[in-house]
Amino acid sequence: MIPTTPVVVKDGIANPAPLGLCAFGLTTVLLNIHNAGFFELNAMILAMGIFYGGLAQVIAGVIEAKKNNTFGLTAFTSYGFFWLSLVGLIVMPKLGWGTKPSEGAMCAYLGIWGLFTLCLFFGTLKLNRALQFVFASLTILFGLLVWGDASGNESIKHLAGYEGIICGLSAIYTGIANVLNEVYGRTVLPIGAK
């Protein structure tokens, strides 16, 4: 059904946050279903990492720049390139373009992304509660992934997978809430606005 009330966009540029949040969320859920042990790492996850988690988030970040939103630009372009680099870390060694990263290298990679995420979490304290949850749970996810790689403990890696599913679902919720709240012109799904 088409809404009877048109959505009014004030600056002529649509809100890119739902695209970025859904791209992050869907890709995160799928990767973490793998991390939780439900299926193998496969082309479906890699394709999502390149095209939706990667490129769609970079596009959302560029649009955020046009809207003069430094936080959105930084978050979406960074995590878009995170997904692209993660796919590169998996695919490049298979193509003979470098050696597979060691567990220690993956700990450094995931750890620095965890630190970056923690820093962005502090920015969400001026935003809504839903984004605070997304960034807090993502910080925890990176910590669990580092712990899992450092220890080699499959149970911790599976725990990280379940936590990552929650993180991804929270991003999807936040993205869809932005869409529905804008389309209906009222709060359909609460995000805990500041």
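Residues numbered from 1 in each chain as written. Predicted model: local features only at pLDDT ≥ 70, side-chain atom pairs only at ≥ 80, totals over all residues. Heavy atoms only, no water.

**Student:** For the overall build of the protein, give the residues involved together with the corresponding values.
**Tutor:** Scanning the protein from terminus to terminus reveals 6 helices and 0 strands. Helices and strands appear in the protein in the N-to-C order α-α-α-α-α-α. The C-alpha atoms of the protein give a radius of gyration of 17 Å, which matches the 16 Å a tight globule of 194 residues would have. Across its three principal directions, the C-alpha atoms of the protein cover 55 × 30 × 30 Å. Here the protein holds 194 residues, and 43% of them are scored as buried. (Helix = DSSP H or I, 4+ residues; strand = E, 2+ residues; numbered from the N terminus. Rg over C-alpha atoms; globule rule 2.2 N^0.38 Å. Buried < 20%, exposed > 50% of the residue type's maximum accessible area, 1.4 Å probe, protein only.)

**Student:** Quick one: what's the story with the UniProt feature "transmembrane region" (unreviewed entry) in the protein, residue by residue and with numbers?
**Tutor:** What UniProt calls "transmembrane region" (unreviewed entry) maps, in this numbering, to residues 12-31, 43-63, 69-92, 104-124, 130-147 and 159-180. Split by type, residues 12-31 is 75% helix and 0% strand. Its first and last C-alpha atoms lie 35 Å apart. (UniProt positions renumbered as here; feature names shortened; annotations may be inferred.)

**Student:** Summarise the environment of Leu86; cite the residues concerned and give the values.
**Tutor:** Tracing the backbone through its elements, the reader meets Leu86 in helix 3 (residues 70-94). Here Leu86 falls in the buried class, since its relative accessible area comes to 11%. Leu86 sits 23 residues away from Tyr109 along the chain, and the two C-alpha atoms are 9.3 Å apart. Here Leu86 is in contact with Leu31, Met106 and Tyr109, once residues within four sequence places are set aside. (Contact = heavy atoms within 4.5 Å.)

**Student:** So what's going on with the packing of aromatic side chains? Residues and values would help.
**Tutor:** Counted according to the given criterion, the structure contains 12 aromatic pairs. Aromatic pair Phe82 and Tyr109: ring centres 5.8 Å apart, planes at 20°, arrangement stacked. Here the residue Phe82 occupies a position in helix 3, and Tyr109 occupies one in helix 4 (residues 103-124), the gap between them amounting to 27 residues. Judged by relative accessible area, Tyr109 falls into the buried class, the value being 15%. An aromatic cluster is present here, built from Phe24, Phe71, Tyr79, Phe82, Trp83, Tyr109, Trp113, Phe116, Phe135 and Phe142 joined pairwise through their rings. (Phe/Tyr/Trp six-rings, centres within 6.5 Å; stacked < 30°, edge-to-face > 60°.)

**Student:** Can you lay out the packing of helix 2 (residues 43-66) against helix 3 for me, pointing to particular residues and giving the numbers?
**Tutor:** At a closest axis distance of 7 Å, the pairing of helix 2 and helix 3 adopts a crossing angle of 155°. In terms of their interaxial angle, helix 2 and helix 3 are classed as roughly antiparallel. For the element pair helix 2 and helix 3, the recorded crossing hand is left-handed. Considered class by class, the residues forming the contact of helix 2 with helix 3 number 16 nonpolar, 8 polar and 1 charged. (Axes fitted to C-alpha atoms, helices over the stretch in contact; angles between N-to-C directions. Parallel < 35°, antiparallel > 145°, perpendicular 65-115°, else oblique. Left-handed = near helix turned anticlockwise from the far one by under 90°. Nonpolar A, V, L, I, M, F, W, Y, C, P; charged D, E, K, R; others polar.)

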